[in-house]
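Observations on chain architecture
If you want the building blocks of each chain, they are given just below.
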Amino acid sequence: MSSSRKDDHIRLALLQKEKANRFDDIVLESTDLPDFGVNDVNLKSSYLGYEISYPIYINAMTGGSEKAHQINEFLSKLASHFNIPMVTGSQSIALKDSNFEDSFKVTRLNHKGILVGNINPNYQLEDAKRAITMIDANALSIHLNLVQELVMPEGDRDFTKWSENIKSIVNGLDKPVVVKQVGMGLSQKTINKLKTLGVKNIDVAGSGGTNFLEIETKRGKDDYSYLEDFSLDTADILIQLKNEKDLNIYASGGIRNPLDVIKSLVLGAKAVGMSKFFLNLYKLDYEEAVEIINKFIYDLKKIMVILGVKEIADLNKVKYKIK
Ligand code: FNR
């Protein structure tokens, strides 16, 4: 992927407006008698087996251009400040040309906590190891973006090796691997296949937030927005996976506010990723961004009080209705 395409993605993602999504149809049962206060709430959670202070993480976005370098620098400082995980953008560009490595390495310079690399499934085990070493990552994410590839004029057309590569990476790495989508959601068919490949962690990365079909349509000359038919909303996928026992489920895609985070946790996610939300912060001063995240975290606690739940692990007992 070229540097200019990376910058297009950032510019066009920032232009997308927040919209209604299926989280709006989930209504959680509240209480006026929680019998505890905001300061009694404990937000400690886990992500890919690592303990984290809050149930949120900065999800995959960028790397590989000057602007991407600045964004990664800004976001990794925030990740460090709050002790939350950060997933880098696709390292593909740096695996092909080491001149681009610094825009990824900057994340590790700033953030000593949980850092997750990111590749596409065209790469084999040896490249996956290189991606991890490049940033001294604690884990690796592999993104599945089949529809996005197919709508890009310069995108991939041959997916013969994807499953085989995922299997060898999952079985050959000594670090956790999470497989994610990029905002169109992992289907049940994909998830069933991933399980047979040995995958234990998925990030559903559904629709309702950043929309790559719209972004690619704006970049190219063809309008492929009708393929949105294949988009699966994050909340719907989580509901479908409610009884899943063999996978650790992480949620992302269209998470707009603290209530969407809590709803995801109620629906069975162990932690919740946000991309666009954090990208928006890049437009602000660092101190302002810190203040916004502090408020976000405090609001997570307030919502836990409204639900009468002190611990993240107990959120999945909360009753809910679907409108
Ligand atoms: C992304 N996303 C992404 N995902 C990935 O696995 N590798 C990548 O390189 C990128 N690149 C990227 C660039 C930009 C600018 C954005 C906004 C997003 C997808 C991202 O991780 C996430 O799945 C979607 O953005 C949906 O989440 P939000 O934005 O609705 O919170």
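Bear in mind the structure is a predicted one, so any value in this text is a computation, not a measurement.

The rules behind the values
Residues numbered from 1 in each chain as written. Predicted model: local features only at pLDDT ≥ 70, side-chain atom pairs only at ≥ 80, totals over all residues. Heavy atoms only, no water. Helix = DSSP H or I, 4+ residues; strand = E, 2+ residues; numbered from the N terminus. Rg over C-alpha atoms; globule rule 2.2 N^0.38 Å. Buried < 20%, exposed > 50% of the residue type's maximum accessible area, 1.4 Å probe, protein only. Contact = heavy atoms within 4.5 Å. Lys, Arg positive; Asp, Glu negative; His and termini not counted. Charge placed at Lys NZ, Arg CZ, Asp CG, Glu CD. Pairing = 2+ DSSP bridges. Right-handed = clockwise from strand over helix to strand, strands pointing away. UniProt positions renumbered as here; feature names shortened; annotations may be inferred. Polar contact = N/O pair within 3.5 Å; in protein donor to acceptor, adjacent residues only side chain to side chain. Near = heavy atom within 4 Å. Areas by Shrake-Rupley, 256 points an atom, 1.4 Å probe, with all protein chains shown as cover. Axes fitted to C-alpha atoms, helices over the stretch in contact; angles between N-to-C directions. Parallel < 35°, antiparallel > 145°, perpendicular 65-115°, else oblique. Left-handed = near helix turned anticlockwise from the far one by under 90°.

Focus: the overall build of the protein
- A count of helices and strands for the protein gives 13 helices and 12 strands.
- In terms of C-alpha radius of gyration, the protein reaches 19 Å, essentially the compact-globule figure of 20 Å for 323 residues.
- A principal-axis box enclosing the C-alpha atoms of the protein has dimensions of 55 × 40 × 40 Å.
- Looking at the 323 residues of the protein, the share that counts as buried comes to 54%.
- Expressed as a percentage of contacts within the protein between residues at least 6 apart in sequence, the contacts between residues at least 24 apart total 75%.
- Seen as two clouds, the 42 positive and the 43 negative side-chain charges of the protein have centres 3 Å apart.

A short note on the pairing of strand S8 (residues 177-180)
- In S8, alternate side chains face the same way, and those of Val177 and Val179 on one face and Val178 and Lys180 on the other are all buried.
- Where strand S7 (residues 139-143) meets S8, 4 bridges bridge the pair, whose relative direction is parallel. For Ser141, the partnering residue across the bridge sits in S8 and is Val178.
- Sheet topology note: the S8/strand S9 (residues 201-203) ladder contains 3 bridges and is parallel. Bridge assignment links Val179 to a residue of S9, and that residue is Ile202.
- Chirality of the crossover, the property in question, places the unit of S8, helix H8 (residues 188-196) and S9 among those that are right-handed.

As for the UniProt feature "binding site: substrate" (unreviewed entry) in the protein
- Using the residue numbers shown here, the UniProt feature "binding site: substrate" (unreviewed entry) corresponds to Arg5, Lys6 and Gln148. Of the residues just listed, which span 144 residues, no C-alpha pair is farther apart than 13.9 Å, and they cluster in one region.
- Structurally, Lys6 is set in helix H1 (residues 3-15).
- Positionally, Gln148 belongs in helix H6 (residues 146-151).
- Contacts of Gln148, omitting those with residues within four sequence positions, involve His9, Val182, Phe212 and Glu216.

Some thoughts on the side chain of Ser65
- The residue Ser65 is located in the loop between strand S4 (56-58) and helix H2 (66-82) in this model.
- On the basis of relative accessibility, which here comes to 8%, the residue Ser65 falls in the buried class.
- Among the polar contacts made by the side chain of Ser65, one reaches the side chain of Asp7 at a distance of 2.7 Å.
- Of the polar contacts made by the side chain of Ser65, one reaches the backbone nitrogen of Ala68; its length is 3.0 Å.
- Residues in contact with Ser65, not counting those within four places in the same chain, are Ser3, Asp7 and Ser103.

Some words on the site of the ligand
- Not every one of the 22 residues close to the ligand is listed here, only the nearest: Ala60, Met61, Lys180, Thr210 and Gly254.
- Here an oxygen atom of the ligand and a backbone polar atom of Ser90 are 2.9 Å apart.
- The side chain of Asn118 places a nitrogen or oxygen atom 3.0 Å from a nitrogen atom of the ligand.
- Within the complex, the protein chains bury 96% of what would otherwise be the 600 Å² of accessible surface of the ligand.

Comments concerning the environment of Ile169
- As for its position among the elements, Ile169 is in helix H7 (residues 162-172).
- Under the relative-accessibility criterion, Ile169 is labelled buried at 0%.
- The spatial distance from the C-alpha of Ile169 to the C-alpha of Ile58 is 23 Å, given a sequence separation of 111 residues.
- Those residues in contact with Ile169, other than ones at most four positions away along the chain, are Ile119, Tyr123, Gln124, Leu125, Ala128, Leu140, Ile142 and Val177.

As for the packing of helix H5 (residues 125-135) against H7
- Between H5 and H7, whose axes approach to 9 Å, the crossing angle comes to 55°. As far as their axial angle goes, H7 and H5 are oblique. As for the relative orientation of H5 and H7, their crossing is right-handed in sense. Facing Leu125, Ala128 and Lys129 of H5, the residues of H7 in contact are Ser168, Ile169 and Gly172.

Some thoughts on the pairing of strand S10 (residues 248-252)
- Burial within S10 is extensive, with 4 of its 5 residues counted as buried.
- Bridge count between S9 and S10: 3 bridges; the pairing is parallel. Counted as the bridge partner of Asp203 is Tyr250 from S10.
- Pairing of S10 with strand S11 (residues 272-274) involves 2 bridges; the strand directions are parallel. What sits directly across from Ser252, in S11, is Gly273.

Quick look at the environment of Arg11
- Within the secondary structure, Arg11 sits in helix H1.
- For Arg11 and Gly220, which are 209 residues apart along the polypeptide, the C-alpha to C-alpha distance reads 14 Å.

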